[in-house]
Amino acid sequence: MTPITEVEGRRLSLSNLDKVLYPATGTTKGEVLHYYAATVAGAILPHLRDRPVSFLRYPDGPGGQLFFTKNPPPGTPDWVHTTPVPRSEDQAARQVMVQDLASLMWAANLVVEFHTPQWRADAPETADRMVFDLDPGSPASVVQCCAVALWLRERLAADGLFAYGKTSGSKGLHLLVPLEPTPSAEVSAYAKRLAVEAESALPELALHRMKRALRPGKVFVDFSQNSASKTTATPYTLRARTEPTVSAPVTWDEIEGCRDPEDLVFRADGMAARLERHGDLLGPLLDPDRARPLPGQAA
């Protein structure tokens, strides 16, 4: 019998709680739901709220079928908020918004990664943050990503911008920058310029082109996720990897001190202690006083 629980006055059916989703660690679906409900709800919800959410679903675990969806899944309850989103192929498209704990638990029960754009639903294609996705090509690792991140932090600071880091939850690193509202196309253009500068300044380490033949041993500075149509793994989401790794905020001391890839691997069972120790390291992204204009824009 499928358990029924009540969350903030909403009745939810939570299914297959004993199902092992991560065989490498024996992590069950029930433990995944507990992670979202009891460990990170207070941290992840502000980063989800008011943004259309895309889901990477992996209902049978990371070794099963994975599929990406932007449309509200069949059976979405009528109390789950949705919002219209611009799409070239479908002007009437809508996406889910995870606005509260009940919506978070409904979505988590589907077994998903959470992905969000750099803009809010009330201002489509107007970014309030910028992202650099630092993706290492083997044998490079997150250690090399950290070196590129440190260069980017200084370059951004020269333009008056603040940068904050998180792991991708896979093998790379994300840098996030709070911005005054700016058209996504302008953010993309600026981010590309910095990626090109990074390659010029760090020719043995950084790369701004995606071409696979150029990737081995270098860090691809992916600026493309600033496009209004792109999304990035939401802070604190679990990833569909062999183990329940988290896209986890990190300190600049941790980035500077990274000497081994394992130094920046964070799993679900360690996040309660990190939040107790650090709070939400990406809280400044939500603080309007930390947002800055791109160079050349009026403050």
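To be clear, the structure that these remarks concern was listed above.
Nothing here was measured: the structure is a model prediction, and the numbers come from that model.

Engineer: Explanation requested: the overall build of the protein chain in the structure shown.
Structural biologist: Along the backbone of the protein chain there are 7 helices and 16 strands. Over its C-alpha atoms the protein chain spans a radius of gyration of 19 Å, differing by no more than 12% from the 19 Å that the globule rule assigns to 299 residues. Reported as C-alpha extents along the three principal axes, the dimensions of the protein chain are approximately 60 × 40 × 40 Å. Of the roughly 13,100 Å² of accessible surface on the protein chain, a fraction of 51% belongs to carbon and sulfur atoms. Both charge centroids of the protein chain, one from 32 positive and one from 36 negative side chains, sit 4 Å from each other.

Engineer: Would you take a moment to explain helix H2 (residues 41–48) for this structure?
Structural biologist: Across the 8 residues of H2, 6 count as buried, placing the element largely inside the fold. Among the residues making up H2, those that are buried are Ala41, Ala43, Ile44, Leu45, His47 and Leu48. For H2, the elements touching its buried residues are helix H1 (29–39), strand E5 (52–57), helix H3 (101–108), strand E9 (112–116), strand E10 (126–136) and helix H7 (271–278). Backbone geometry just downstream of H2 places Asp50 in the positive-phi region, at approximately 70°.

Engineer: In this structure, what is going on with the environment of Arg49? I would like to understand it.
Structural biologist: By the element assignment, Arg49 lies in the loop between H2 and E5. Separated by 49 residues in the primary sequence, Arg49 and Val98 have C-alpha atoms spaced 5.8 Å apart. Filtering out sequence-adjacent residues up to four positions away, Arg49 remains in contact with Val98, Gln99 and Arg120. A distance of 3.1 Å separates the side chain of Arg49 from the backbone oxygen of Gln99, its partner in a polar contact.

Engineer: Explain unusual backbone geometry here, please?
Structural biologist: What is expected of a backbone is that most residues other than glycine have negative phi and most peptide bonds are trans. That bond from Ser138 to Pro139 is cis: its omega, 10°, falls within 30 degrees of zero. In this structure, Pro139 sits in the loop between E10 and helix H4 (142–158). Phi is positive for Val111, which is not a glycine, with a value near 65°. Tracing the backbone through its elements, the reader meets Val111 in the loop between H3 and E9. Residue Val111 is classed as buried on the basis of its relative accessible area of 2%.

Engineer: Would you mind going over the nonpolar core with me for this structure?
Structural biologist: What tends to happen in soluble globular proteins is that the nonpolar side chains get buried as a cluster. Formed by 75 residues in total, the largest nonpolar core has its most connected members in Tyr36, Phe114, Met130, Phe132, Leu134 and Leu173. One finds Tyr164, Leu176, Leu282 and Leu285 within the second-largest nonpolar core, a separate group that totals 5 residues.

Reading the values: rules and limits
- Residues numbered from 1 in each chain as written.
- Predicted model: local features only at pLDDT ≥ 70, side-chain atom pairs only at ≥ 80, totals over all residues.
- Heavy atoms only, no water.
- Helix = DSSP H or I, 4+ residues; strand = E, 2+ residues; numbered from the N terminus.
- Rg over C-alpha atoms; globule rule 2.2 N^0.38 Å.
- Areas by Shrake-Rupley, 256 points an atom, 1.4 Å probe, with all protein chains shown as cover.
- Lys, Arg positive; Asp, Glu negative; His and termini not counted.
- Charge placed at Lys NZ, Arg CZ, Asp CG, Glu CD.
- Buried < 20%, exposed > 50% of the residue type's maximum accessible area, 1.4 Å probe, protein only.
- Contact = heavy atoms within 4.5 Å.
- Polar contact = N/O pair within 3.5 Å; in protein donor to acceptor, adjacent residues only side chain to side chain.
- Core = buried A, V, L, I, M, F, W, Y, C linked by side-chain atoms within 4.5 Å.

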